[in-house]
Amino acid sequence: MKSPNGTPPRTSWARAAGLAKLQQLTEDQWTRREAAHQERVRTYADPYLVRRSAGRKHPVEDFLFTYYTQKPGQLLRWHPGAGVVLSGPAATARTDWKYYRAADDAERAAAGVPDGVPAVTVDVERFLAERREAVQFAGIILAGTAARPAQFGCFGLHEWAMVYRQDKFALRHEYLTLRLGSAGTDKVVEENRIRCSHFDAFRFYTPDAVPLNSLSPSRENQRDLEQPGCLHANMDLYKWAYKLAPVLPSELVMDCFELSWQIRAMDMQASPYDLSEWGYPPIRIETADGKADYVDRQRGFADAAQELRGRLLQELDPLLTAAARQQPRTAAQEGTP
């Protein structure tokens, strides 16, 4: 089946996913959304870029731009997500963007784009062909985490384990001081049960702290251990979101970014570092009141993260359906009808 101009239609992913119609955004609609997104990003990105140019560091507000691989320029690019057709002359500039292309006749008709009006869309089929495993792995992590009960007994001790007996090892943040000093920090680690389930926190433990963790997180068991009470698992919603750009809408990516930004602040407030001069009062998790405060905030973030996790899974659902139906056939399958 071909479009009237002889071009093969590109809507098979949408049909496979059960989508009946594509959405059109006119140039006025999508450029307003693009501008609002860029203003939102600059609230966070511009101060970071000023600090970077001046050679200054910030222990909280630099994190999302230095730990994660998404850079400010990439975050500034607004994407409508899969299943959307952008119309108008300004849209043609996106044909040079990765995973974008001109909408074909079938897509234009499905979205209701008038004849003669330029239109582009995200090339979902190409994205799935090249990024299928990333889409499916994100689905596994997100769905598995959402289904598990939240655990609230870690008290942020992962940050303390990262500097346990640090005098023997390289300093993690050499420009920060420990609120309780080295000996006091080590004592907190030794007097508390450490149960971190997140590999990307656990991998930064000092060697002496590794055997103190009651779990052994690894990249291999990540899909089995991630749980929705974990601050780092909830920060990582931002990672899963931006890794799936441009098939996810940028507004959702920024919702994940802002939650991650808030969690980072709490994570560092509960850390062993003295951040009072940066305007972050400590959450004293070495005390009973501090532990209670930590858990209360942790529960709030877990609820917010579960809502975002559900939205991510909702956006991914048609893509996962299409990816499953477009799996490459194995040699054994080639001989079957």
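Details of the structure are given in the entry above.
From a predicted model like this one, the values you see are computed outputs, not experimental measurements.

Draft legend 1. A look at the pattern of salt bridges. Tallying each qualifying case throughout the model produces 20 salt bridges. One salt bridge connects Glu 107 with Arg 101, and the closest N-O pair in it is separated by 2.7 Å. Each member of the salt-bridge network shares a partner with another, and the members are Asp 200, Arg 203, Arg 219, Asp 236 and Lys 239.

Draft legend 2. Expanded view of the packing of helix H6 (residues 124–147) against helix H14 (residues 288–325). Look at H6 against H14: their axes get within 8 Å of each other, and the N-to-C directions meet at 135°. Of the possible angle classes, the one that applies to H6 and H14 is oblique. Our pair here, H6 against H14, has a crossing hand that is left-handed. Within the contact between the two elements, H6 uses Val 124, Leu 128, Arg 132, Val 135, Gln 136, Ala 138, Gly 139, Leu 142, Ala 143, Thr 145 and Ala 146 and H14 uses Gln 306, Arg 309, Leu 312, Leu 313, Leu 316, Leu 319, Leu 320, Ala 322, Ala 323 and Ala 324. Residue composition of the contact of H6 with H14, by class: 15 nonpolar, four polar and two charged.

Draft legend 3. Spotlight on the pairing of strand S4 (residues 119–122). Side-chain alternation along S4 places Ala 119 and Thr 121 on one buried face and Val 120 and Val 122 on a second face that is also buried. Pairing of strand S3 (residues 100–102) with S4, which is carried by three bridges, proceeds in the antiparallel orientation. The partner of Arg 101 across the bridge, within S4, is Thr 121.

Draft legend 4. Seen up close, H6. Counted at 1.5 Å a residue, the expected span for H6 with its 24 residues is 34 Å, but the 28 Å between its end C-alpha atoms falls short. At Arg 131, H6 shows its maximal kink, close to 85°. Buried residues of H6: Val 124, Glu 125, Phe 127, Leu 128, Arg 132, Val 135, Ala 138, Gly 139, Ile 141, Leu 142, Gly 144 and Thr 145, and no others.

Draft legend 5. Summary view of the environment of His 232. Here His 232 is to be found in helix H11 (residues 231–235). We classify His 232 as buried; its relative accessible area is 8%. Between the alpha carbons of His 232 and Arg 264 there is a distance of 8.5 Å; along the sequence they are 32 residues apart. Setting aside residues no more than four positions away along its own chain, His 232 makes contact with His 158, Glu 159, His 198, Ala 201 and Asp 267. There is a polar contact of 3.2 Å between the side chain of His 232 and the side chain of His 158.

Draft legend 6. Highlighting the sheet that holds strand S2 (residues 84–87). Strands sit in the order S1-S2-S4-S3 across an open sheet of four strands; the sheet is mixed. Where the open sheet ends on each side, the last strands, each with one partner, are strand S1 (23–25) and S3. With strand direction ignored, the average angle separating the axes of adjacent strands in the sheet is 30°. Relative to S4, S2 runs antiparallel, the two being bridged by three bridges. Within the sheet, the bridge partner assigned to Ser 87 lies in S4 and is Ala 119. Along the sheet face, helix H2 (residues 27–54) touches S1 and S2 and points at about 75° away from the line of S1.

The rules behind the values
Residues numbered from 1 in each chain as written. Predicted model: local features only at pLDDT ≥ 70, side-chain atom pairs only at ≥ 80, totals over all residues. Heavy atoms only, no water. Salt bridge = Lys/Arg side-chain N within 4 Å of Asp/Glu carboxyl O. Axes fitted to C-alpha atoms, helices over the stretch in contact; angles between N-to-C directions. Helix = DSSP H or I, 4+ residues; strand = E, 2+ residues; numbered from the N terminus. Parallel < 35°, antiparallel > 145°, perpendicular 65-115°, else oblique. Left-handed = near helix turned anticlockwise from the far one by under 90°. Contact = heavy atoms within 4.5 Å. Nonpolar A, V, L, I, M, F, W, Y, C, P; charged D, E, K, R; others polar. Buried < 20%, exposed > 50% of the residue type's maximum accessible area, 1.4 Å probe, protein only. Pairing = 2+ DSSP bridges. Expected span 1.5 Å × (residues − 1). Bend = angle between axes of the 7 residues up to and from the residue. Polar contact = N/O pair within 3.5 Å; in protein donor to acceptor, adjacent residues only side chain to side chain.

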